[in-house]
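A structural walkthrough
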Amino acid sequence: MADNKEREIRKQELRTRVVDAGQLVRKEEKERQREKSRRESGKGRRGRILLFVIVVVLLAVIAGTVVFLMRRSFHSYAVNWTVNFNEEQQSNTVDSDYEDYEVYGSGFLKVTRDGASYLDQKGKTVWNQAYEMNTPYVSVNGEYCAVADQGKTTIFIMNMDGTTGQAETNKPINKIAVARTGVVYALLEDSAASYITVFSREGKALDISIKSVLDGDGYPVDIAVSPDGTELMASFAYIEGGTLQNKVVFYNLGEVGQSAGGNRVVGGFSDDFSGHLAGRVHFSDDTHAQAFYDGGIAFFSTKVLTSPELSAKVELDETIRSVAYDGDYVGIVTDNNGKDSNGDPYALTLYRLNGQVVFRRTFRFNYTGFVVDHRKVLLYNDKTLMVYDANGALKYNGDLNAAIHMARVQEDMTSPFSMNVLVGSTGMMESVKLK
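Keep in mind that what you see is a predicted model, and the values were worked out from it rather than measured.

Points about the overall build of the protein
Counting its secondary structure elements, the protein contains three helices and 32 strands. Counting across all 435 residues of the protein, residues that qualify as buried make up 46%. A separation of at least 24 residues holds for 42% of the contacts in the protein among residues at least 6 apart in sequence.

Details of the pattern of salt bridges
Inspection of every chain in the model, using the stated rule, returns seven salt bridges. For aspartate 344, the salt bridge goes to arginine 364, with nearest N and O atoms at 2.9 Å. Placement of aspartate 344 in the loop between strand S23 (329-335) and strand S24 (346-352) and of arginine 364 in the loop between strand S25 (357-363) and strand S26 (369-373) is noted, with a sequence separation of 20 residues between them. The class for aspartate 344 is buried, based on a relative accessible area of 11%. Classification of arginine 364 by relative accessible area gives exposed; the value is 52%.

Regarding the packing of aromatic side chains
According to the stated counting rule, one finds 15 aromatic pairs in the structure shown. With centroids separated by 6.0 Å and ring planes inclined at 55°, the aromatic side chains of phenylalanine 299 and tyrosine 351 adopt a geometry described as tilted. Of this pair, phenylalanine 299 sits in strand S20 (residues 296-301) while tyrosine 351 sits in strand S24, and the two are 52 residues apart along the sequence. Tyrosine 351 matches phenylalanine 299 in its accessibility class, with the two residues each being buried. Pairwise contacts between aromatic rings join Phe250, Phe269, Phe283 and Phe300 into one cluster. Between the NZ or CZ atom of lysine 171 and the centre of the ring of tyrosine 195, over which it lies, the distance is 4.7 Å. Of note, lysine 247 hangs over the ring of phenylalanine 236, and the distance from its end group to the ring centre comes to 6.0 Å.

Thoughts on the pairing of strand S31 (residues 419-425)
Regular strands have side chains that alternate between both faces of the sheet. Across the seven residues of S31, seven count as buried, placing the element largely inside the fold. Across the two faces of S31 the burial is the same, with Met419, Val421, Val423 and Ser425 and Asn420, Leu422 and Gly424 all buried. Relative to strand S32 (residues 428-434), S31 runs antiparallel, the two sharing seven bridges. If you follow methionine 419 over to S32, its bridge partner there is leucine 434. With antiparallel pairing between neighbouring strands as the criterion, S31 and S32 make up a hairpin whose turn holds two residues, including glycine 427 at a positive phi of roughly 70°.

Remarks on the nonpolar core
Proteins that are soluble and globular tend to have nonpolar side chains buried together. Leu378, Leu385, Leu400, Val421 and Leu434 are the most contacted members of the largest nonpolar core, which totals 24 residues. Taken together, the elements giving at least two residues each to this core come down to strand S27 (376-380), strand S28 (384-389), strand S30 (406-409), S31 and S32. Ranked by residues supplied to this core, first place goes to S31 with four residues. Other than its neighbours up to four places away in sequence, leucine 434 contacts Phe74, Ser76, Tyr77, Leu385, Val387, Tyr396, Leu400, Ser418, Met419 and Val421.

Section: the sheet that holds strand S21 (residues 309-315)
The four strands are arranged S18-S19-S20-S21 in an open sheet whose pairing can be described as antiparallel. Pairing within the sheet leaves two strands with one partner each, and these edge strands are strand S18 (278-285) and S21. Across the sheet, the mean angle separating the axes of adjacent strands is 20° when strand polarity is ignored. As judged from the six bridges shared by S20 and S21, these two strands associate in the antiparallel manner. Opposite phenylalanine 300, over in S21, you have leucine 310 as the bridge partner.

Quick notes on the sheet that holds strand S13 (residues 205-213)
Taken in spatial order, the four strands make up an open sheet running S10-S11-S12-S13, and their pairing is antiparallel. Each having just a single partner strand, strand S10 (173-178) and S13 make up the two edges of the open sheet. For this sheet, the mean angle separating the axes of adjacent strands, direction not counted, is 20°.

Notes on unusual backbone geometry
One non-glycine residue, histidine 374, adopts positive backbone phi at about 50°. Along the chain, histidine 374 turns up in the loop between S26 and S27. Its relative accessible area of 32% is what places histidine 374 among the partly exposed residues. Positive phi, close to 60°, is recorded for arginine 375, a residue that is not glycine. Topologically, arginine 375 is positioned in the loop between S26 and S27. Looking at arginine 375, the relative accessible area reads 47%, which means it is partly exposed.

Points about the side chain of asparagine 246
Turning to its location among the elements, asparagine 246 is positioned in strand S16 (residues 243-252). A polar side-chain atom of asparagine 246 sits 3.1 Å from a polar atom in the side chain of serine 235. With residues near it in sequence (within four places) discarded, asparagine 246 still touches Ser235, Phe236, Ala237, Tyr238, Phe269, Ser270, Phe273, His276, Leu277 and Ala278.

Here's the deal with the pairing of S24
In terms of residue burial, S24 counts as a mostly covered element, since six of its seven residues are buried. Where S23 and S24 come together, seven bridges link them in antiparallel fashion. The partner of valine 330 across the bridge, within S24, is tyrosine 351. One ladder, built from six bridges, connects S24 with S25; its direction is antiparallel. Within S25, the residue paired with alanine 347 across the bridge is threonine 362. Counted between consecutive antiparallel strands, the loop separating S24 from S25 contains four residues, among which glycine 355 sits at a positive phi close to 95°.

Rules of the game
Residues numbered from 1 in each chain as written. Predicted model: local features only at pLDDT ≥ 70, side-chain atom pairs only at ≥ 80, totals over all residues. Heavy atoms only, no water. Helix = DSSP H or I, 4+ residues; strand = E, 2+ residues; numbered from the N terminus. Buried < 20%, exposed > 50% of the residue type's maximum accessible area, 1.4 Å probe, protein only. Contact = heavy atoms within 4.5 Å. Salt bridge = Lys/Arg side-chain N within 4 Å of Asp/Glu carboxyl O. Phe/Tyr/Trp six-rings, centres within 6.5 Å; stacked < 30°, edge-to-face > 60°. Lys NZ or Arg CZ within 6 Å of the ring centre and 35° of its normal. Pairing = 2+ DSSP bridges. Core = buried A, V, L, I, M, F, W, Y, C linked by side-chain atoms within 4.5 Å. Axes fitted to C-alpha atoms, helices over the stretch in contact; angles between N-to-C directions. Polar contact = N/O pair within 3.5 Å; in protein donor to acceptor, adjacent residues only side chain to side chain.

Written as structure tokens, this is what we have:
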């Protein structure tokens, strides 16, 4: 009996040892699983950290590359192609002792006393309009351009496909302004008064006319038309109390202007220009306009058609030498009055349409031409070209092969690694790669 009891005790002890061993195995297995999880978690954490570091490094490299390319300057050039109009003797080109170029379309509008030609970005003559003019006066706006014989009575109106119309005036032409719609405003004058007459793109005189008497209203210095052709801006000079005065007047030639009276005036500014002369006025778009005067720049908003307002005024004690504009930018070159310590004689300033300064740079380059085109600023003389980007970085400063009459950016062939520039010269046109 005792033996059986002892055997049962030993069996129970054996079972207990087996259970304990199983529990120990399971415990060790759990420990191994936890250790494995810790190792995998550590690897994942290290992997995520490594991935984060790689991403940060790549972003830094990309950002550095972008900054480098944006600030990169070009120091040499190569001629892509040259079109010599005299050598080609094309029957559809014109030759004259007077030759001028305007930025137009993808290339240039070439203007002489014998005719005008549209040259595209490959130097191909798209069309030619022959005429005979002593003093060609040119206006360009979008796809339309107009050429008038200043002091005479003829106006030719063209778009990128060719001539759309010819207008004849009954009085000598002082200036013209063409809208993006092809509508042309002509400033005419005689000994007693000035007249603003409007023509359709076909050259038909429209039933719109504004008369200004010189003794009362003053002498018209400049005119500008909004892109949509409904708003007109004019600068008048007049004498008051023996002192030269100036006023900037806004007209509305659309439906809004019909309720403004016979003269269609919707706004006028004179106190802001007292003692000054606004020699240039300009519409950047349908709601932004500027007046450049011998004392600064006035920025106007015409969002409210019935009440234009002076949105900003930049006063300058430096003489404005040149004005250029394109899209959302307005640029001026002034004398440098010494505020900058480097002693450069000239200053270039680029503005947004609200009057905010984008950048100012001084320089000592004796330029003869000034263009703002595709977010680039180009200054040039006979054979030297200087190019700034819209951030004020100097992209190129050097000589070119051809004498430069006009230069512009060849946008569709420009990259971070090079910049193509179209050059209009005497009897020829070139594409130049800056690199």
